[in-house]
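Chain and residue survey
The residues making up each chain are set out below.
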Amino acid sequence: MTRTGVPAGTALRPLLIEGRDLHGADLRGQDFAGVRFRNCELRGTRLDWANLVGSCLSHARLMTASLTYAHLRGAALKGANLRAARLTHANLMGADMTGANLWQADLSGANLCGAACLWGDIRKARFAGALYDEATRLPPGFHPGTEGMVRFDMPRA
């Protein structure tokens, strides 16, 4: 059994996970595609390489969580607290991060192409090598080049 009460190696795939204490849980590589997390404690959770495609983590408490190489394509992270979280090399294509708290978060090498990046607090956040494209919505006054981000537009046929 894992700390979450689920047998080791079992994917958590209900459509809704509600009121679970996953603080510090090791959920690396787990499949949570399309799952809605509601009122869950996710501080310090290890979600490296996890499949969170299309999941709903809006207003989630993900402080100090590790989401390195996580697949978050099309995920909802509106108002999420990602303070000091590690999202290095995460795939956030098309994700909605409107109002997310990224204070001291590390998004180095993350793919933000097509994402809504109208963040809240981004003081001390790191974006070196993060990808963006013409469809990425960035906050007014945010200068991606100054932050070390790299523009990546797919060639058109």
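For the structure, see preceding data.
Residues numbered from 1 in each chain as written. Predicted model: local features only at pLDDT ≥ 70, side-chain atom pairs only at ≥ 80, totals over all residues. Heavy atoms only, no water.

Thoughts on the overall build of the chain
Secondary structure assignment for the chain yields zero helices and four strands. Secondary structure elements of the chain occur, N-terminal to C-terminal, as β-β-β-β. Once local pairs closer than 6 in sequence are excluded, the contacts in the chain between residues at least 24 apart make up 1%. Accessible surface for the chain amounts to roughly 7,700 Å². Of this, 52% is attributable to carbon and sulfur atoms. (Helix = DSSP H or I, 4+ residues; strand = E, 2+ residues; numbered from the N terminus. Contact = heavy atoms within 4.5 Å. Areas by Shrake-Rupley, 256 points an atom, 1.4 Å probe, with all protein chains shown as cover.)

Side note on the environment of Leu 112
Tracing the backbone through its elements, the reader meets Leu 112 in the loop between strand S2 (36-38) and strand S3 (131-132). Sequence separation between Leu 112 and Asp 133 is 21 residues, and the spatial gap between their C-alpha atoms is 7.7 Å. In contact with Leu 112, not counting residues within four places along its chain, are Leu 92, Met 97, Leu 107, Cys 117, Trp 119, Ala 130, Leu 131, Tyr 132, Thr 136 and Met 149.

Digging into the side chain of Ser 55
By secondary structure assignment, the location of Ser 55 is in the loop between S2 and S3. Take Ser 55: its relative accessible area is 1%, and that puts it in the buried class. Contact partners of Ser 55, with chain neighbours within four places excluded, come to Phe 32, Gly 34, Val 35, Ala 75 and Ala 76. (Buried < 20%, exposed > 50% of the residue type's maximum accessible area, 1.4 Å probe, protein only.)

A word on the packing of aromatic side chains
Applying the stated criterion across every chain, the model contains five aromatic pairs. Every member of this aromatic cluster is reached through a ring pair, and the members are Trp 119, Phe 127 and Phe 142. (Phe/Tyr/Trp six-rings, centres within 6.5 Å; stacked < 30°, edge-to-face > 60°.)

Description of unusual backbone geometry
At Ala 84, a position not held by glycine, the phi torsion is positive, near 60 degrees. As for its placement among the helices and strands, Ala 84 is situated in the loop between S2 and S3.

Considerations on the side chain of Asp 106
You can see Asp 106 is positioned in the loop between S2 and S3. With near-sequence residues (within four places) excluded, Asp 106 lies in contact with Ala 85, Arg 86, Leu 87, Thr 88 and Arg 126.

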